[in-house]
Amino acid sequence: MSKLNELRKQAMALPLEPGVYIMKDATGTIIYIGKAKKLKNRVSQYFGSDQNHTEKVRQMVSRVDTFDYIVVGSEFEALVLECALIKQHTPKYNILLKDDKGYHYIRVSPPPYPRLSEAKQKAEDGARYIGPYMSSYAIKQAVDEANKIYCLSTCARPLAYGKKGGERPCLNHHIGQCCAPCTGKINPEEYQERVNEAVEFLTQGSAKTMTTLQERMEQAAERLDFEQAARLRDRINAIKRMSDKQKVVLSRIPEQDVIALAQGSGHACFEVFRFTGGQLSDREHFLLEEQDNVPEAYREFLERYYTLRDRIPPQITVAQTPEDTELLEQWLGEKAGRRVHIVSPQIGEQAHLTEMCKNNAAERIARQVGMTGRDTTALEELRQLLGLDTTPSYIECYDISHTAGSNPVAAMVVFENGQPLRSAYRKFQIKEAPGGDDYAAMEEVLTRRVEEYLKHQEEGTGFGRKPDLILLDGGAGQVAAVAPVLARYGLAIPLYGLVKDDRHRTRAIAMEGGEIAIHRKRAAFTLLGTIQEEVHRSAIRYHRQRRKGQSLFTTLLEIEGIGPTRAKALLRQFGSLKGVRNATTEELLTVKGMTRPAAEAIQRYFKAKDESNE
């Protein structure tokens, strides 16, 4: 009996009760921990047919040597136990988050020209350290604000008072964000006063600082020290501008976390926005491997994240509803000592926040793999629309072009990671399909494409690379014509059509049996429209080239002594009909297979054409 059959037999003997199951490899190492409402049903699924398994699950099952289980009283108890065991054993195939949350400090370098910066730890370097603080995001934002408001130096230039010649101030000075101490015109006392005010701003908050500055400005005005009053006024206005800038990311719900997942190119990223007092107070991100089951991934992430974090807000806003939402709310509520709501908004301010959070997660992946955040978002939306297991990073699209059935051709364009890969574009002449039969033409082209793949698949490049997704410029008819081709060769490649509206814009994705609307997925909508326009342009361009070449070819065949072989050779050597017309007899004789009588016939033909046009 094989190991898989043995494990399945053991799984079928499990009770139909809630519990936790623990998968182990041959060394006894725990590689996965999960919970189940009914242990027998859940565990036996792993060891049955693997057709519905994702690649990650297949890999995990292939390494399972034994499994253990713990029966509990309810599914909620199973969730609590699962969280505790995962925290204890950190299994390889569970979502694991690296908790790099540590203390952070505001560093004030020594005089005479102190600089403000963020530091992860104290050092014995003579600097002053303010803190500790938990949020690195909040510290970085606050230090950046203080440097801009009080025009402190942030560059690496040497600072000294009264130095001859002085350096030319940098761009920060010209845009009003630095007082340019590098020029040697600001004395240390004046600069230190700015630093002291910046530290007061950071430690006491902007509200108290505003009150103090307002009082000092009024006192300066009463003393008729208008220059000092103007400087204080400018500082007050700078704080107001910075506050207005912060209001760009606001939440009407005072205390909440916003969480979103983005995926692409084999990577996944969870982004967390933490709101306190209605303002963004902290943000974190966690890069993972691409996740196959998104609702399950959200559940696992929430479990891991709030196992590591003490602060649990009354509302957690997620971009997609997690698996076992009610159980999670109960578990989080018990940890927080109050009610916790998990919501997944579809419209309004909260939906806008989840979208913003998701875009930031996409940007993290983009920096990781060298894509743009927009492309990452578009490919993830496309994956969700089509229900694909993985993000389609390599996409091929096909279109047919002809004029009333004559000179039929096809074009193939390729998009990799959301961008056109022009080196992989291909063009096809339709050889067998009847003129004007687009379905037969598309079937012929895809048959030739698949056969080329089977010949070169070991190379893994060009025609030897299997696409993650095939798109056809057309509706369900084109899809129905091509689907049997893929089935005949045993290739499981997702296949869809692109349907246009009456204005020739992409409006839907066609499949056998219906259509999928795409207008609500903005990034995917834009990407698909771009792909369809690109393949249409490519097909039209190639058709025009073929039609033009055919016209030139036909003209040369009218000349006595010029057959198909010589006509092709002439166009190949001279490039155009005009080149052939302007060639001398001796130049024509350099063409392979050309004879003097044929060359002279060409000369006579074009001379007669010219005379008839006079």
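Small disclaimer: the values here were computed from a predicted structure and weren't measured.

**Q** What exactly am I supposed to notice about the packing of helix 10 (residues 294–308) against helix 11 (residues 325–336) here?
**A** Relative orientation and spacing of two packed helices are given, respectively, by the angle between their axes and the distance between those axes. Relative orientation of the contacting elements helix 10 and helix 11 amounts to 5°, with a least axis distance of 11 Å. The pairing of helix 10 with helix 11 is recorded here as roughly parallel in orientation. In contact with Arg-299, Leu-302, Glu-303, Tyr-306 and Thr-307 of helix 10, helix 11 contributes Leu-328, Trp-331, Leu-332 and Lys-335. A per-class count over the contact of helix 10 with helix 11 returns five nonpolar, one polar and three charged.

**Q** I keep staring at helix 12 (residues 348–369) and nothing clicks. Help me out?
**A** Residues three or four positions apart in an α-helix share a direction because the helix packs 3.6 residues into each turn. For helix 12, spanning 22 residues, the distance from its first C-alpha to its last is 32 Å, which sits close to the expected 32 Å at 1.5 Å a residue. The set of residues buried in helix 12 consists of Gln-350, Ala-351, Leu-353, Thr-354, Cys-357, Lys-358, Ala-361, Ala-362, Arg-364, Ile-365 and Ala-366. Looking at the packing, one finds that the buried side of helix 12 touches strand 7 (256–264), strand 8 (267–276), strand 9 (279–289), strand 10 (315–318) and helix 13 (373–386).

**Q** How should I be thinking about the packing of aromatic side chains in this particular structure?
**A** Two numbers describe a pair of aromatic rings. These are the distance of the centres and the angle of the planes. On inspection of all chains with the given rule, the structure shows 12 aromatic pairs. Relative to Phe-67, the ring of Phe-47 has its centre 5.9 Å away and its plane inclined at 20°; by these criteria the two rings are stacked. On the criterion of sequence distance, the pair formed by Phe-47 in the loop between helix 2 (39–46) and helix 3 (55–63) and Phe-67 in strand 3 (residues 66–71) is long-range, its members being 20 residues apart. We classify Phe-67 as buried; its relative accessible area is 13%. Among the aromatic side chains, those forming a connected cluster through ring pairs are Phe-270, Phe-286, Tyr-298, Phe-301, Tyr-305 and Tyr-306.

**Q** What is the right way to look at the confidence of the model for the chain in this model?
**A** As a note on interpretation, predicted positions should not be read in detail where pLDDT is low. Summarising the model, the chain shows a mean pLDDT of 82, and 89% of its residues fall at 70 or more. For the stretch residues 244–248, pLDDT sits under 50, and the model shows three contacts to residues farther than four places along the chain or on other chains.

**Q** Sorry, what's going on with the side chain of Arg-274 here?
**A** Following the sequence through the fold, Arg-274 ends up in strand 8. Here Arg-274 falls in the buried class, since its relative accessible area comes to 6%. A polar contact of 2.9 Å, which involves the side chain of Arg-274, links it to the side chain of Asp-257. Other than its neighbours up to four places away in sequence, Arg-274 contacts Gln-256, Asp-257, Gln-279, Leu-280, Ser-281, Asp-282, Glu-284, Tyr-305, Tyr-306, Arg-309, Arg-311 and Pro-313.

**Q** What am I meant to see in the pattern of salt bridges here?
**A** Where charged atoms from two side chains of opposite charge approach closely, those side chains can pair. This model, assessed by the stated rule, comprises 28 salt bridges. A salt bridge links Glu-303 to Arg-299, with the shortest nitrogen-to-oxygen separation between them at 2.6 Å. With Glu-303 and Arg-299 both in helix 10, this residue pair falls four residues apart, about one helical turn. We note that Glu-303, like Arg-299, is buried.

**Q** Help me understand the nonpolar core in this model?
**A** Considering soluble globular proteins, one finds that nonpolar side chains tend to be buried as a cluster. In this structure, Ile-259, Phe-270, Phe-301, Tyr-306, Ile-316, Trp-331 and Leu-332 are the most contacted members of the largest nonpolar core, which totals 35 residues. Of all the elements in the fold, those that place two or more residues in this core are helix 4 (75–89), strand 7, strand 8, strand 9, helix 10, strand 10, helix 11 and helix 12. Contact partners of Phe-270, with chain neighbours within four places excluded, come to Ile-259, Ala-260, Leu-261, Glu-284, His-285, Phe-286, Leu-288, Ala-297, Tyr-298 and Phe-301. Judged by nonpolar contacts, the second largest core, of 28 residues, contains Ala-424, Ala-433, Tyr-453 and Ile-470.

**Q** Looking at this structure, how should I read the sheet that holds strand 11 (residues 341–343)?
**A** Strand pairing in a sheet is mediated by backbone hydrogen bonds. Such pairs are either parallel or antiparallel. A sheet is described by the order of its strands in space; here five strands give the open sequence 9-8-7-10-11, paired in mixed fashion. Edge strands, defined here as strands with exactly one partner in the open sheet, are strand 9 and strand 11. Neighbour-to-neighbour, the strand axes of this sheet turn through a mean angle of 20°, independent of strand direction. Alignment of strand 10 against strand 11, held across three bridges, turns out to be parallel. Bridging across to strand 11, Gln-315 finds its partner in His-341. Contacting strand 7, strand 8, strand 9, strand 10 and strand 11, helix 10 crosses the sheet at an angle of about 130° to strand 7.

**Q** Help me out: how do you make sense of the sheet that holds strand 3 in this one?
**A** If you walk across this open sheet you meet the three strands as 2-1-3, and the pairing is antiparallel. Because the sheet does not close on itself, it has two edges, and the strands there are strand 2 (30–36) and strand 3. Each strand of the sheet is rotated relative to its neighbour by a mean of 20°, with strand direction disregarded. Here strand 1 (residues 19–24) pairs with strand 3 via six bridges, running antiparallel. Of the residues in strand 3, the one forming a bridge with Ile-22 is Asp-68.

**Q** In this structure, what is going on with the packing of helix 4 against helix 11? I would like to understand it.
**A** Where helix 4 meets helix 11, the closest approach of the two axes is 10 Å, and the angle between their N-to-C directions is 65°. For the crossing formed where helix 4 meets helix 11, the hand is right-handed. Of the residues in helix 11, those in contact with Glu-75, Phe-76, Leu-79, Val-80 and Cys-83 of helix 4 are Leu-327, Leu-328, Gln-330, Trp-331 and Glu-334. Split by residue class, the contact of helix 4 with helix 11 holds seven nonpolar, one polar and two charged.

**Q** Could you clarify how one ought to interpret the pairing of strand 9 in this entry?
**A** Note: strand 8 against strand 9, 10 bridges, orientation antiparallel. From the neighbouring strand, Cys-269 faces strand 9, where its bridge partner is Leu-287. Between strand 8 and strand 9, which pair antiparallel one after the other, the connecting turn spans two residues, and Gly-277 there sits at a positive phi close to 65°.

Analysis parameters
Residues numbered from 1 in each chain as written. Predicted model: local features only at pLDDT ≥ 70, side-chain atom pairs only at ≥ 80, totals over all residues. Heavy atoms only, no water. Axes fitted to C-alpha atoms, helices over the stretch in contact; angles between N-to-C directions. Helix = DSSP H or I, 4+ residues; strand = E, 2+ residues; numbered from the N terminus. Parallel < 35°, antiparallel > 145°, perpendicular 65-115°, else oblique. Contact = heavy atoms within 4.5 Å. Nonpolar A, V, L, I, M, F, W, Y, C, P; charged D, E, K, R; others polar. Expected span 1.5 Å × (residues − 1). Buried < 20%, exposed > 50% of the residue type's maximum accessible area, 1.4 Å probe, protein only. Phe/Tyr/Trp six-rings, centres within 6.5 Å; stacked < 30°, edge-to-face > 60°. pLDDT = per-residue confidence, 0-100. Polar contact = N/O pair within 3.5 Å; in protein donor to acceptor, adjacent residues only side chain to side chain. Salt bridge = Lys/Arg side-chain N within 4 Å of Asp/Glu carboxyl O. Core = buried A, V, L, I, M, F, W, Y, C linked by side-chain atoms within 4.5 Å. Pairing = 2+ DSSP bridges. Left-handed = near helix turned anticlockwise from the far one by under 90°.

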